[in-house]
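# Examination of the molecular architecture
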There are 2 protein chains.
Amino acid sequence: MSTLTDADRTAIDALVATLESAWNAGAGDAFAAPFAPDADFVNVRAEHHQGRQAIAAGHTGILRSIYAGSTNQYVVKSARLLTSEVALVHVAAVLDVPSGPLAGRMTALYSMVLVRTGSGWQIASFHNTLEPPAR
Amino acid sequence: MSTLTDADRTAIDALVATLESAWNAGAGDAFAAPFAPDADFVNVRAEHHQGRQAIAAGHTGILRSIYAGSTNQYVVKSARLLTSEVALVHVAAVLDVPSGPLAGRMTALYSMVLVRTGSGWQIASFHNTLEPPAR
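Once a new chain begins, its residue numbering starts again from 1 and follows that chain's sequence as written. In the order they appear in the text, chains get letters beginning with A and ligands get numbers beginning with 1. Note on the predicted model: pLDDT of at least 70 is required for a residue's local features to be given, and 80 or more for side-chain atom pairs to be given and counted; whole-chain, interface and lining totals, by contrast, use all residues.

### Some thoughts on the sheet that holds strand β5 (residues 104-117) of chain A
All names here are of chain A. Here is the rule: At least two DSSP bridges between two strands are needed for those strands to be called paired. In this description a helix means any DSSP run of H or I spanning at least four residues, a strand means any run of E spanning at least two, and both kinds are numbered starting from the N terminus. All axes here are fitted lines through C-alpha atoms, helices being fitted over the stretch that makes contact, and every angle between N-to-C directions spans 0 to 180 degrees. We call two residues in contact when their backbone-placed C-beta atoms lie within 7 Å.
The 6 strands are arranged β2-β1-β6-β5-β4-β3 in an open sheet whose pairing can be described as mixed. One side of each edge strand has no neighbouring strand; the edge strands of this open sheet are β2 (48-50) and β3 (71-83). When the angles between neighbouring strand axes are averaged without regard to direction, this sheet yields 15°. Inspection of the sheet shows β3 paired to strand β4 (residues 86-97) by 11 bridges, in the antiparallel sense. Bridged to R80 within β4 is L88. Running over the sheet, helix α1 (residues 6-24) touches β3, β4, β5 and β6 (120-130) and is turned about 150° from β3. Relative to strand β1 (residues 35-42), helix α3 (residues 52-63) is tilted by about 55°, and along the sheet it contacts β1 and β2.

### Quick notes on the relation of the copies chain A and chain B
Stated precisely, the cut-off is as follows: When the copies are superposed, the least-squares fit takes in the C-alpha atoms of residues with a pLDDT of at least 70 in both.
Mapping chain A onto chain B calls for a screw motion: a turn of 180° about the axis and a shift of 0.0 Å along it, with 0.0 Å RMSD after fitting. Seen this way, the second copy is the image of the first under a two-fold rotation axis. When C-alpha distances to the rotation axis are compared across chain A, the minimum falls at T129 of chain A, with a value of 2.8 Å. Comparing contact sets, 100% of the residues at the interface of chain A also lie at the interface in chain B, consistent with an isologous, same-surface contact.

Read these as geometric descriptors, not functional statements.
Next comes the structure, spelled out in structure tokens:
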């Protein structure tokens, strides 16, 4: 098992930053761009979307409705190689929604499986779970 | 990209059946056995456990307390190779809890990342999300 090089870790951090900035710009297509064409996506409602196009369309929809104007902060909690071509990454998310039915702050933890391609790392799998509200 | 052979799919189905039977026997150690020693596990509360020993201890605890006497039914919804050595699997779970604070039925979707080893597939990553209650 090889370990993540500094270059790999830099690339993974950049990928996460791309997701964050795309979300914060309300840009569903840009959010989906780092995903593989056949990527799997499980959201916080356990809904399973398949394919970059579906992920883009879904995010375009929520970023114009329930999550309009929201901001996400992502922090990489762990990143490691499973094989030389596959990385597993866990990211903590803090989402602030300014208005609407979901107004307020939500926190979540998502995992991603990244596969190394000729043009860099692509997201093959994304899975997200909300933390329960504090009591 | 190679596709899953019938033998691989059979092995993956058997691994999922092992998880299910271990849960239903209330056996935390057996539940954790298919995990890699350094596996990552994210539960439905977005809590992140690392390592087979922690996964075994955590499951021993919940299977003796909040989930005592519960039964899980697992159905593999999709399974595909990400590389020749790594498989991505999504499983639907139906959990029936007979008594206690969580009594009732819960449904969830979990994803697993499996890595091929000399002794078969091992779980490197497990991530679980509850479906919202029906309204």
